[in-house]
Amino acid sequence: KLHPIHQAFFPNDRRFYSLYETCDNLGIPVLFHSGFAAAGLGTPGGSGLKLKYGAPVPYIDDVAADFPSLTIIMAHPAWPWVEEQIAVALHKANVYLDLSGWLPRFIPEALIREANTRLKDKILFGSDYPYITPERWLHEFHDLPIKDEIRPKILLENASRTLNL
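Anyway, here's the lowdown on the structure attached to this text. (Residues numbered from 1 in each chain as written. Predicted model: local features only at pLDDT ≥ 70, side-chain atom pairs only at ≥ 80, totals over all residues. Heavy atoms only, no water.)

On to the overall build of the chain. The helix and strand tally for the chain stands at 7 helices and 4 strands. Taken over the C-alpha trace, the chain has a radius of gyration of 15 Å; the compact-globule value for 165 residues is 15 Å, and the two agree within 12%. Referenced to the eigenvectors of the C-alpha coordinate spread, the extents of the chain come out at roughly 45 × 40 × 25 Å. In the chain, which comprises 165 residues, the proportion classed as buried is 48%. For the chain, the accessible area works out to roughly 8700 Å², and carbon and sulfur atoms hold 57% of it. Distance between charge centroids for the chain: 2 Å, based on 16 positive and 19 negative side chains. (Helix = DSSP H or I, 4+ residues; strand = E, 2+ residues; numbered from the N terminus. Rg over C-alpha atoms; globule rule 2.2 N^0.38 Å. Buried < 20%, exposed > 50% of the residue type's maximum accessible area, 1.4 Å probe, protein only. Areas by Shrake-Rupley, 256 points an atom, 1.4 Å probe, with all protein chains shown as cover. Lys, Arg positive; Asp, Glu negative; His and termini not counted. Charge placed at Lys NZ, Arg CZ, Asp CG, Glu CD.)

Structure, rendered in structure tokens:
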């Protein structure tokens, strides 16, 4: 689990490629936090946290292209770069995303649309406990316009397959 905004690095920085190579060789997925960071929200200067590190393109996209057998998970809807996140997950077979960190009622419409269609096998459950309890997240998930046949994929099947569980 890597948090580019908190750790102030771009995922495609070549200094970290040996880490990705090791994870790839060991079959360990790499999870990158992506998009907006709630930490620092509303504080002077955002507490020094720079959102630029959370953009999926080109940073995570580059890593996915350079390590095509490495399983990469983008944590959280990557607002304000949700369209980029969708593009990376669609384009790269080794990239998945989870819905953690956002209450389901705030998940962008584009991501819900793609979860029901082209990304139905690439979206994973996540609550972001302890910030959002699984019970609260699941309660709100029930109200989303997700197709009945897609719900078990998001809640269990996709993670089981992706993580070799």
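Below, the discussion takes up the environment of Ile112. With respect to the helices and strands, the residue Ile112 is situated in helix H5 (residues 109-115). What makes Ile112 buried here is its relative accessible area of 12%. Expressed as a C-alpha distance, the spacing of Ile112 and Leu144, which sit 32 residues apart in the sequence, is 8.1 Å. Once you skip the residues sitting within four places of it in the chain, Ile112 turns out to touch Ile107, Leu144, Pro145 and Ile146. (Contact = heavy atoms within 4.5 Å.)

So, about the environment of Asn158. Mapping Asn158 onto the fold places it in helix H7 (residues 151-162). The spacing of Asn158 and Tyr96 is 62 residues in sequence and 9.2 Å in space, taken between C-alpha atoms. Residues within four places of Asn158 in sequence aside, it is in contact with Lys120, Asp121, Lys122, Ile123, Leu124 and Lys153.

Another aspect to go through is the packing of aromatic side chains. Under the counting rule described, the total for this entry stands at 10 aromatic pairs. Considering the side-chain rings of Tyr20 and Phe67, the 5.9 Å spacing of their centres and the 80 degrees angle between planes classify their relative orientation as edge-to-face. You can see Tyr20 sitting in helix H2 (residues 17-26) and its partner Phe67 sitting in the loop between helix H3 (59-66) and strand E2 (72-75), a full 47 residues away along the chain. Phe67 matches Tyr20 in its accessibility class, with the two residues each being buried. Geometrically, the ring pair formed by Phe36 and Trp79 is edge-to-face, given 5.5 Å between the ring centres and 70 degrees between the ring planes. A residue pair is termed long-range when its members are at least 10 positions apart, and Phe36 in the loop between strand E1 (30-33) and H3 and Trp79 in the loop between E2 and helix H4 (82-91) qualify at 43 residues. Residue class for Phe36 comes out partly exposed when judged on its relative accessible area of 27%. (Phe/Tyr/Trp six-rings, centres within 6.5 Å; stacked < 30°, edge-to-face > 60°.)

Here we take up a nonpolar patch on the surface. The grouping of Leu138, Leu155 and Leu156 at the surface amounts to a nonpolar patch, some 250 Å² of accessible area in total. With respect to the secondary-structure elements, Leu155 resides in helix H7. (Patch = residues over 30% accessible without salt bridge, like charges linked within 9 Å, V, L, I, M, F, W, Y side chains within 5 Å. Salt bridge = Lys/Arg side-chain N within 4 Å of Asp/Glu carboxyl O.)

A separate point is the pattern of salt bridges. Under the definition given, this model contains 6 salt bridges. Among the salt bridges present, the one from Glu140 reaches Arg105, with a minimum N-O distance of 3.2 Å. Linking Glu140 in helix H6 (residues 134-141) with Arg105 in the loop between strand E3 (95-98) and H5, this pair joins segments that are 35 residues apart in sequence. Take Glu140: its relative accessible area is 11%, and that puts it in the buried class. With a relative accessible area of 53%, Arg105 lands in the exposed category.

What follows deals with the pairing of E1. Consecutive residues of a regular strand have side chains that alternate between opposite faces of the sheet. Bridge count for E1 against E2 is 4 bridges, and the pairing is parallel. Paired with Val30 across the two strands is Ile72, which belongs to E2. Running through H3, the crossover from E1 to the neighbouring parallel element E2 is right-handed. (Pairing = 2+ DSSP bridges. Right-handed = clockwise from strand over helix to strand, strands pointing away.)

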